[in-house]
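Descriptive structure summary
Listed here are the chains, written in short residue letters.
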Amino acid sequence: MATTFLLLLFTFAAVVSAHNITEILSHFPEYAQFNSYLTETRLADDINSHQTITVLVLSDSEMSSLVANHPLSVIKNVLELHVLLDYYDPKKLHSIANGTTLSTTMYQTTGSAEGRVGFVNITDLRGGVVGFGSAVPGAKLDSTYAKSVKQIPYNISVLEISSPIIAPGILTAPAPTASSLNFTAVLDKAGCKTFATLINTSGVLKIYQSQISKPSGALTVFAPTDEAFTAKGVPDLTKLSNAELVSLLQYHALNNYSPKGTLKTTKDQISTLATSGAGKFDLTTSTAGDDVYLHTGVDSARISGVVIDSTPVVIFTVSNLLLPEELFGRAPAPAPGPVTAVPAPAPSKAAPVPAEAPASVASPPAPPTETPERSPAEAPAERSDESATGKNGGVARVPARVVHATSILVSAIVLVVLS
């Protein structure tokens with residue numbers, strides 16, 4: 001029994017442990033360039049943050065021709081086409097329903113893909129050959145399955161393919177620059193007109209553009225939606241001085257490229273463009289499933305969408321305005337509830353006669369194994385405030401069968417530990 005218990009623990013630990021694509025590929029020197037660019041483009045963070053994923057790797061000889069003629073932003077776009085948001089192992093590749101399927105890639109999630117550019121066509125060509133190509137109509141299957149590299153079943157699969165998957169137009173997509181990126185246009189289109197107007201009239205737009213223009217410059221922007229500015233409890237921004245407004249808008253940007261996958265794995269405090277000293281104008285992050293939340297100490301906001309994600313710039317939409325403590329103070333702690341005095345019980349005239357204990361305590365009979373029609377198992381759960389206390393305020397009695405089941409479970413655990 002002890003052995004079974006330990007096996008269950010190890011199995012659980014294996015399930016919850018996260019995969020690490022760079023660590024996996026570090027054991028295969030023939031993919032060194034591919035692995036290096038996953039780190040440089042921050043795609044490794046995105047891959048590691050997904051629970052189910054397939055990576056189509058390229059050998060160094062295939063990567064050399066790609067990286068020699070294209071900027072980093074184009075290389076990242078191409079590599080994103082090689083990350084499928086589904087699990088494909090060799091067996092699944094050779095048993096595709098109807099022989100062909102379209103798979104969503106990470107490039108589709110960037111907001112830059114149009115039409116079917118962000119999808120990959122996978123077709124079983126029979127004879128043991130599986131073809132890969134862009135899902136754009138008329139595109140050729142210009143790559144084939146070469147071999148299996150590594151699988152952690154249903155979490156991550158790494159497969160080598162013969163040559164890069166190239167979608168029409170992806171190699172000519174220009175890298176965003178301070179002059180080419182029209183912040184106002186992209187923010188207006190994303191439903192962030194108020195934020196676009198504020199950064200323009202306050203001069204912060206020039207600060208953003210200057211950040212991109214620096215050597216190795218990069219920028220991450222958290223743009224609140226128009227609804228965020230009109231939400232209940234949002235302070236009156238007209239009462240801020242010009243300097244305070246500039247600090248607020250700088251607080252919504254970072255001086256580096258931090259895509260969603262990177263933010264998911266960030267544990268430390270994050271400095272913003274408004275950060276002027278240790279612990280000043282910082283952010284922290286948390287995750288819930290695939291969602292990423294930003295915390296200021298005053299409020300929190302969820303990253304609700306991606307406006308643009310093209311190295312070295314990423315612009316997100318966020319659900320709320322980010323309010324720094326330095327301008328709006330820390331969120332107040334909840335006020336304690338009123339204390340109600342409990343009157344002392346009146347003295348009893350006669351001491352109660354204790355009830356006699358039964359001669360023996362027997363376990364109740366086991367519940368039936370079959371669920372009767374319209375049983376409580378099908379009924380809606382009771383309100384939580386009535387499950388802990390009775391409807392009249394008294395303490396609810398725990399069913400005997402629950403006590404019995406609990407005692408059996410505790411006994412089993414003790415036996416496992418002692419054995």
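Our subject is the structure that appears above.
Residues numbered from 1 in each chain as written. Predicted model: local features only at pLDDT ≥ 70, side-chain atom pairs only at ≥ 80, totals over all residues. Heavy atoms only, no water.

Attention shifts here to the sheet that holds strand 9 (residues 253–254). Strand order in the open sheet formed by seven strands is 9-8-14-13-12-11-10, and the pairing between neighbours is mixed. Each edge of the open sheet is held by one strand with a lone partner, namely strand 9 and strand 10 (270–271). Relative to strand 14 (residues 313–318), strand 8 (residues 219–224) runs parallel, the two being bridged by six bridges. If you follow Phe222 over to strand 14, its bridge partner there is Phe316. (Pairing = 2+ DSSP bridges. Helix = DSSP H or I, 4+ residues; strand = E, 2+ residues; numbered from the N terminus.)

Looking now at the pattern of salt bridges. Counted under the stated rule, the structure contains six salt bridges. Residues Lys76 and Asp309 are paired through a salt bridge, measuring 3.1 Å at the closest nitrogen-oxygen approach. A residue pair is termed long-range when its members are at least 10 positions apart, and Lys76 in helix 6 (residues 72–80) and Asp309 in strand 13 (residues 300–310) qualify at 233 residues. Look at Lys76 and you get buried, because its relative accessible area is 0%. As a salt-bridge pair, Asp86 and Lys92 come within 3.5 Å of each other at their nearest N and O atoms. Looking at Lys92, the relative accessible area reads 32%, which means it is partly exposed. (Salt bridge = Lys/Arg side-chain N within 4 Å of Asp/Glu carboxyl O. Buried < 20%, exposed > 50% of the residue type's maximum accessible area, 1.4 Å probe, protein only.)

Relative orientation of the contacting elements helix 3 (residues 32–40) and helix 5 (residues 60–68) amounts to 50 degrees, with a least axis distance of 7 Å. Here helix 3 lies oblique to helix 5, going by the angle between them. On helix 5, the residues that touch Ala32, Gln33, Phe34 and Tyr37 of helix 3 are Asp60, Met63, Ser64 and Val67. Among the residues making up the contact of helix 3 with helix 5, the classes are represented as five nonpolar, two polar and one charged. (Axes fitted to C-alpha atoms, helices over the stretch in contact; angles between N-to-C directions. Parallel < 35°, antiparallel > 145°, perpendicular 65-115°, else oblique. Contact = heavy atoms within 4.5 Å. Nonpolar A, V, L, I, M, F, W, Y, C, P; charged D, E, K, R; others polar.)

With respect to the element layout, Asn48 can be found in helix 4 (residues 43–49). Take Asn48: its relative accessible area is 19%, and that puts it in the buried class.

Judged by pairing direction, the sheet is mixed, and its seven strands sit side by side in the order 2-1-7-6-5-4-3 without closing on themselves. Taken across any chain shown, the strands that pair with only one partner, and hence form the sheet edges, are strand 2 (83–84) and strand 3 (100–104).

On the surface, Leu125, Val129 and Leu141 cluster together into a nonpolar patch covering about 210 Å² of accessible area. Take Val129: it is sitting in the loop between strand 4 (119–124) and strand 5 (130–134). (Patch = residues over 30% accessible without salt bridge, like charges linked within 9 Å, V, L, I, M, F, W, Y side chains within 5 Å. Areas by Shrake-Rupley, 256 points an atom, 1.4 Å probe, with all protein chains shown as cover.)

Let us now look at the nonpolar core. Membership of the largest hydrophobic core comes to 46 residues, with the highest contact counts inside it found for Ile21, Phe34, Leu38, Ile47, Ile122 and Phe132. Sequence-distant contacts of Ile21, that is, excluding residues within four places in its chain, are made with Asn35, Leu38, Ala44, Ile47, Asn48, Val55, Ile156 and Val158. Counting 29 residues, the second-largest nonpolar core is a separate cluster that includes Leu181, Leu205, Phe229 and Leu240. (Core = buried A, V, L, I, M, F, W, Y, C linked by side-chain atoms within 4.5 Å.)

Moving on to the pairing of strand 5. For strand 5, the buried fraction is high: five of the five residues fall into the buried class. With five bridges joining them, strand 4 and strand 5 adopt antiparallel strand pairing. Looking across to strand 5, one finds that Asn121 is bridged to Gly133. Between strand 4 and strand 5, which follow one another and run antiparallel, lie five residues, and Arg126 among them has a positive phi close to 70 degrees. Direction of pairing for strand 5 relative to strand 6 (residues 143–152): antiparallel, over a ladder of two bridges. Pairing of Phe132 across the sheet is with Ser143, part of strand 6.

A cis amide bond, omega 15 degrees, links Thr311 with the succeeding residue Pro312. Structurally, the position occupied by Pro312 is in the loop between strand 13 and strand 14. Although it is not a glycine, Arg126 adopts a positive phi angle of roughly 70 degrees. Non-glycine residue Phe281 carries a positive phi angle of around 55 degrees. What makes Phe281 buried here is its relative accessible area of 10%.

Within strand 4, five of the six residues are buried, which leaves the element mostly enclosed by the surrounding structure. Two strands pair when backbone bridges link them, and strand 3 and strand 4 are joined in this way by five bridges, in the antiparallel orientation. Within the sheet, the bridge partner assigned to Ser103 lies in strand 4 and is Val120.

This brings us to helix 10 (residues 204–213). Looking at helix 10, one finds that the buried residues are Val204, Leu205, Tyr208, Gln211 and Ile212. For helix 10, the angular spread of buried residues about the axis comes to 120 degrees, placing them on one side. Turned more than 90 degrees away from the buried face of helix 10, the exposed residues are Lys206 and Ser213. Where helix 10 is buried, its residues touch helix 8 (183–189), helix 9 (193–201), strand 8, helix 12 (242–250), strand 9 and strand 14. (Arc of directions from axis to C-beta.)

For the structure on display, the rule yields five aromatic pairs. Relative to Tyr31, the ring of Phe28 has its centre 6.1 Å away and its plane inclined at 45 degrees; by these criteria the two rings are tilted. Taking 6.0 Å as the distance between ring centres and 50 degrees as the angle between the ring planes, the aromatic pair formed by Phe183 and Tyr208 counts as tilted. Taken together, the positions of Phe183 in helix 8 and Tyr208 in helix 10 put the pair 25 residues apart, joining distant regions of the chain. Of the two residues examined, Phe183 and Tyr208, each falls in the buried class. (Phe/Tyr/Trp six-rings, centres within 6.5 Å; stacked < 30°, edge-to-face > 60°.)

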